[in-house]
Amino acid sequence: MLRAFFEKAASRGAASLETLTAKTVEAVLLQDLGGLVLPLQAKRAVPNLLEDFFGYLKDTGRFPAAGSWQICVESVGPKFRDSIREDGTTRGETFKKNYSETGRNDPCICGSGKKFKKCCGPLIGY
């Protein structure tokens, strides 16, 4: 999960810890990490993991600036958790059909060679 966070941050222009900002942390958390394919509990624990990791960097002195990122995650974490639905999807995501529209006179999608209107169309009330 940390790897996914840093990959998303790099795609937003933060290629290293030195260039990472609280604004980027917030954007990645709220806009990019909700789409991760994770179990519901793991997805809701993402802010906790980031908060602990940034706290570790700050407390050990490895990267003292991580304290501002930790504060950012603390403030944005509840908003992230609220955006996760019970089925694991994220509120605000656009639903996209995973099939193409088939016209009445197109070949049937089942592969029979008949027109859709004569084959499977009546099955779905077309």
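In the block above lies the structure referred to throughout.
Cut-offs and rules
- All chains use their own residue numbering, which begins from 1 and follows the written sequence.
- Per-residue local features are limited, in this predicted model, to residues with pLDDT of at least 70; the limit for side-chain atom pairs, both in listing and counting, is 80 or more; totals at the level of whole chains, interfaces and linings are taken over all residues.
- Derived side-chain values reflect all non-hydrogen atoms in the structure, with water molecules and hydrogen atoms excluded from consideration.
- Numbering of helices and strands runs from the N terminus; a helix is a DSSP stretch of H or I covering at least four residues, while a strand is a stretch of E covering at least two.
- Each residue is placed in one exposure class: buried if its accessible area under a 1.4 Å probe, protein chains only, is under 20% of its type's maximum, exposed if it is over 50%, and partly exposed if it falls in between.
- The Shrake-Rupley method, run with a 1.4 Å probe, gives the accessible areas here. Residue values count only the displayed protein chains as cover.
- For the purpose of charge, His is not counted, nor are the chain termini; Lys and Arg are scored as positive and Asp and Glu as negative.
- Just so you know, the charge point we use is NZ for Lys, CZ for Arg, CG for Asp and CD for Glu.
- Salt bridges are identified by distance alone: a Lys or Arg side-chain nitrogen within 4 Å of an Asp or Glu carboxyl oxygen.
- Simply put, an axis is a line fit to the C-alpha atoms, just over the touching stretch for a helix, and the angle between two N-to-C directions goes from 0 to 180 degrees.
- Oblique is the label for every angle not falling under 35 degrees (roughly parallel), over 145 degrees (roughly antiparallel), or within 65 to 115 degrees (roughly perpendicular).
- Throughout, a contact is declared for two residues whenever any of their heavy atoms are within 4.5 Å.
- Gly is placed with the polar residues, together with every amino acid not listed as nonpolar (Ala, Val, Leu, Ile, Met, Phe, Trp, Tyr, Cys and Pro) or charged (Asp, Glu, Lys and Arg).
- By convention, the crossing between two helices is left-handed when the near helix turns anticlockwise from the far helix through less than a right angle, and right-handed when the turn is clockwise.
- Starting at the helix axis, one direction is taken to each C-beta atom, and the arc is that of these directions.
- To define a nonpolar core, start from buried Ala, Val, Leu, Ile, Met, Phe, Trp, Tyr and Cys residues and group those joined through side-chain atoms within 4.5 Å.
- Take the number of residues in a helix, subtract one, and multiply by 1.5 Å to get its expected span.

1. Points about the overall build of the chain
Reasoning step 1: A tally of regular secondary structure across the chain gives 5 helices and 0 strands.
Reasoning step 2: Its C-alpha atoms give the chain principal-axis dimensions of about 70 × 30 × 20 Å.
Reasoning step 3: For the chain, buried positions account for 31% of its 126 residues.
Reasoning step 4: When the accessible surface of the chain is split by element, carbon and sulfur atoms take 53% of a total near 8,300 Å².
Reasoning step 5: Within the chain, the 14 negative side-chain charges are centred at a point lying 13 Å from the centre of the 19 positive side-chain charges.

2. Describing the pattern of salt bridges
Reasoning step 1: Using the criterion set out here, one finds 4 salt bridges in the structure.
Reasoning step 2: In this structure, Lys58 and Asp59 form a salt bridge, with 3.8 Å as the shortest nitrogen-oxygen distance.
Reasoning step 3: Look at Lys58 and you get partly exposed, because its relative accessible area is 35%.

3. Some remarks on the packing of helix H4 (residues 46-59) against helix H5 (residues 66-82)
Reasoning step 1: In contact at an axis separation of 8 Å, H4 and H5 are set at 170° when each is read in the N-to-C sense. With respect to H5, the element H4 is oriented roughly antiparallel. Residue-level contacts link Val46, Pro47, Asn48, Leu50, Glu51, Phe54, Gly55, Leu57 and Lys58 of H4 to Ala66, Gly67, Trp69, Gln70, Val73, Glu74, Gly77, Phe80 and Arg81 of H5.
Reasoning step 2: Class assignment of the residues belonging to the contact of H4 with H5 gives a composition of 9 nonpolar, 5 polar and 4 charged.

4. Topic: the packing of helix H1 (residues 2-11) against helix H2 (residues 22-32)
Reasoning step 1: The N-to-C vectors of H1 and H2 enclose an angle of 115°; their axes lie 10 Å apart at closest approach. Here H2 runs roughly perpendicular to H1, going by the angle between their axes. Crossing handedness for the pair H1 and H2: right-handed. Along its contact with H1, which presents Phe5, Lys8 and Ala9, the element H2 presents Thr24, Val25, Val28 and Asp32.
Reasoning step 2: The residue inventory of the contact of H1 with H2, partitioned by class, reads 4 nonpolar, 1 polar and 2 charged.

5. Observations regarding H1
Reasoning step 1: Three or more residues of H1 are buried, namely Ala4, Phe5 and Ala9. Here the buried residues of H1 occupy an arc of 135° about the axis, which is enough to place them on one side. In H1, the exposed residues that point more than 90 degrees away from the buried face are Arg3 and Ser11.
Reasoning step 2: Where the residues of H1 are buried, they touch H2 and H4.
Reasoning step 3: Two residues or fewer past H1, Gly13 is found with a positive phi of approximately 105°.

6. Digging into the nonpolar core
Reasoning step 1: If you look at the biggest cluster of nonpolar residues, it comprises 22 residues, and the most contacted ones within it are Phe5, Val25, Leu29, Leu33, Leu50 and Phe54.
Reasoning step 2: Elements with a contribution of two residues or more to this core: H1, H2, H4 and H5.
Reasoning step 3: Residue contributions to this core peak at 6 residues, all from H5.
Reasoning step 4: Each residue touching Leu50, except ones within four places of it in the same chain, is listed here: Met1, Leu2, Phe5, Leu29, Leu33 and Val73.

7. Description of H4
Reasoning step 1: Counted at 1.5 Å a residue, the expected span for H4 with its 14 residues is 20 Å, and the 20 Å between its end C-alpha atoms agrees.
Reasoning step 2: Three or more residues of H4 are buried, namely Val46, Pro47, Leu50, Phe54, Gly55 and Leu57. All buried residues of H4 project into a common sector of 160° when viewed along the axis, lining one side. For H4, the exposed residues lying more than 90 degrees away from the buried face are Asp52 and Asp59.
Reasoning step 3: Buried-residue contacts for H4 involve H1, H2, helix H3 (40-44) and H5.
Reasoning step 4: Two residues or fewer after H4 comes Gly61, characterised by a positive phi angle close to 80°.

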